[in-house]
Amino acid sequence: MFAFIINRILQAIPVMLAVALISFAMFAYVGDPVAIMLGQDFTEAQRDALVHDLGLDQPFWVQFATFTGHAIRGEFGLSYRLSRPVAELIGERAPATLELAFCAAVLALAVGVPMGVYTGLYRNSWLSRFFLTFSLVGVSLPTFLIGILLILVFAVWLGWLPSFGRGDTVQLGWWSTGFLTWSGIKALILPSITLGLFQLTLIMRLVRAEMLEVLRTDYIKFARARGLPNRAVHFGHALKNTLVPVITIVGLQLGAIIAFAIVTETVFQWPGMGLLFIQSVGVADIPVMSAYLLLIALVFVSINLIVDLLYYAVDPRLRIGRGKGGH
Amino acid sequence: MAAAIARFFDSDVWWSFKRSPVTVASAIVAAICIIGAALAPFIAPHNPFDLASLNLIDAFKPPSWAEEGTAEYLLGTDDQGRDMLSAIMYGARVSLLVGLSATLFATLLGVSVGLLAGYVGGAVDGLLMRICDVQLTFPSILVALLVDGVVRAVVPREVHDQIALFVVIFAIGISEWPKFARTVRGSTLVERNKEYVQAARVIGVPKLRIMASHVLPNVVGPVLVVATLNLGLAILAEATLSFLGVGVPPTQPSLGTLIRIGNDFLFSGEWWITIFPGLALVAMVLSVNLLGDWLRDALNPKLR
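All values derive from a computational prediction rather than experimental measurement.

**Observations regarding the overall build of chain A**
If you tally the helices and strands in chain A, you get 13 helices and 2 strands. Each of the 327 residues in chain A was classed as buried or not, and the buried ones make up 45%. Intrachain contacts of chain A at a sequence separation of at least 6 include 71% that bridge at least 24 residues.

**Description of the UniProt feature "transmembrane region" (unreviewed entry) in chain A**
Mapped onto this structure's residue numbering, the UniProt feature "transmembrane region" (unreviewed entry) falls at residues 12-30, 98-118, 130-160, 180-203, 243-263 and 291-314 of chain A. With 92% helix and 0% strand, residues 180-203 of chain A has its two end C-alpha atoms placed 29 Å apart.

**Notes on helix H10 (residues 207-243) of chain B**
A rise of 1.5 Å per residue sets the reference length of H10(B), with its 37 residues, at 54 Å; its end C-alpha atoms lie only 45 Å apart and thus fall more than 12% short of the reference. One or two steps after H10(B), the chain reaches B:Gly245, where phi turns positive at roughly 85°.

**Considerations on the UniProt feature "transmembrane region" (unreviewed entry) in chain B**
Per the UniProt entry, the sites bearing "transmembrane region" (unreviewed entry) are residues 21-44, 94-120, 215-237 and 271-295 of chain B in this numbering. Its end C-alpha atoms 32 Å apart, residues 215-237 of chain B is made of 100% helix and 0% strand.

**With respect to the packing of aromatic side chains**
Throughout the structure, instances matching the rule amount to 7 aromatic pairs over all chains. Considering the side-chain rings of A:Tyr118 and A:Phe131, the 6.2 Å spacing of their centres and the 75° angle between planes classify their relative orientation as edge-to-face. Highlighted residues: A:Tyr118 in helix H5 (residues 86-121) and A:Phe131 in helix H6 (residues 126-140), separated in sequence by 13 residues. For A:Tyr118, a relative accessible area of 27% gives the class partly exposed. On the accessibility criterion, A:Phe131 (15% relative accessible area) is buried. When the ring of A:Phe144 is compared with that of B:Phe243, the centres are 4.5 Å apart and the planes differ by 15°; the resulting orientation is stacked. Linking A:Phe144 in helix H7 (residues 143-157) with B:Phe243 in helix H10, this pair reaches from one chain into another. One exposure class covers both A:Phe144 and B:Phe243, and it is buried. Pairwise contacts between aromatic rings join A:Tyr118, A:Tyr122, A:Phe130 and A:Phe131 into one cluster. Above the plane of the ring of B:Tyr119 lies B:Arg192, whose end atom (NZ or CZ) is 5.8 Å from the centre.

Quick notes on the rules
- Residues numbered from 1 in each chain as written.
- Chains lettered and ligands numbered in written order.
- Predicted model: local features only at pLDDT ≥ 70, side-chain atom pairs only at ≥ 80, totals over all residues.
- Heavy atoms only, no water.
- Helix = DSSP H or I, 4+ residues; strand = E, 2+ residues; numbered from the N terminus.
- Buried < 20%, exposed > 50% of the residue type's maximum accessible area, 1.4 Å probe, protein only.
- Contact = heavy atoms within 4.5 Å.
- UniProt positions renumbered as here; feature names shortened; annotations may be inferred.
- Expected span 1.5 Å × (residues − 1).
- Phe/Tyr/Trp six-rings, centres within 6.5 Å; stacked < 30°, edge-to-face > 60°.
- Lys NZ or Arg CZ within 6 Å of the ring centre and 35° of its normal.

Here is the structure:
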């Protein structure tokens, strides 16, 4: 187990370094940071001094090492657009994105799994058919269109919920939360549905497919033959055995949630990291872009690691037989 | 030719097509979208880019069935008096063009990489597949956004507006090639050890020739399915990029651009400016996806 964790971490390091290299290459070669920082009037001496201060006269690998060292400590320099430290900008906006992603993930799981179990157990009922049709629409509707439709119905026509922003937030240290005020919670509803709907339908279809597969196996028949109640068979035996693929997909989808938060945040003008990123892409604000890239890579690599560890917790078959060369 | 057509109508692919009403319906919807988009300059009721024919008096006309609508503008007009139906037809043209080109680009790149990795094997295979793995862990929309952002930083603004369409195609294509590479590599690994390949190798056919004219024809089947399913995704990716304002230039609005423009008028009650392009996008993507699903099942002999 311990060796496995070490192995996975060692595998993650080259990935992170590769992303850091891309990130650094963007930082160093895209656009001219010196020209941007100096502005219009400068002398040759000022220019040379700045080049030296930034370490741009150093060899490539030294610069890359310095960049990586700074990145590990969370220093990415100043945003070209806002002239403020990138780490500060991202730190301010991270709580908004994380709270949104959390709500969306909880919604997708809390609704998607039961719907998947239901459609798997009662595959011919009209409610199952309705759920399946609904999921097909959910997969084909682009995220931003779902957001626009929800705004049109619930904000413009009915006027029940706000259509943009986070509402009132409460500061807990450096973390600003929208969970503690009524307007903050109300502001979370539409963006969470928008962001979570695709994941919800995906989880539902996956759980359904896995349930159908598992219910056909012999151990389910045996469990029924033993006279176990339906509830124990469905949840104790069937659902538990569908969890491995579900965890994989949910883990990978957590990354997708953060990526699609860019779209949702744009639709709802949600002051999170995604909105910051898209505004930076529009004006080619490279420091913000490369910091965001590294942060997302870190999130993805960590999620993959956690998913791998969860396999062990969920599937006892993986704990034995590994490294013993086949069956 | 006539014999080939007769054989097609006799095939089980055609049979499974006829048998599924959903597939026939989506084929019809897809055909309407494609014809409407391709022939937009000839059949659209107005030319939304002809500034001389635009009249601001016609701005914000609701659809023709609403109280203030006119028969001249079936789906209403936008803030500049452009006919929505025509704008949608021209927009679908851009969306389809970008979607098809990006898919074609991703297919060419992915198939070449997959063939090379699968046939040559060894370190080349290891390196190419690692790149695939790393890229597959990132959502493609993020990759496309990054490519777009980098190009924006490298080239000056005037140049960017001119090449924006190609940048979007490149960005979406580059974000979706790994799927093709994976598929082709898998089938190549199976094919490379078959006797006909060994025979070709024994009589001294060069490697490139074996890959291109012996292995390739035998691995393209699954690629067709991946490409169809990918077309829907590529159209959505383009719409998303354009909605975020980093896609196609405003002078050539796609469906995503139209939705973004319409979004500004949502609160003042002019819902049709954004909803109709949205519906057109959904109809197009849904029908292409359903066709792709059907094709996957129809070409899979195990499911018959």
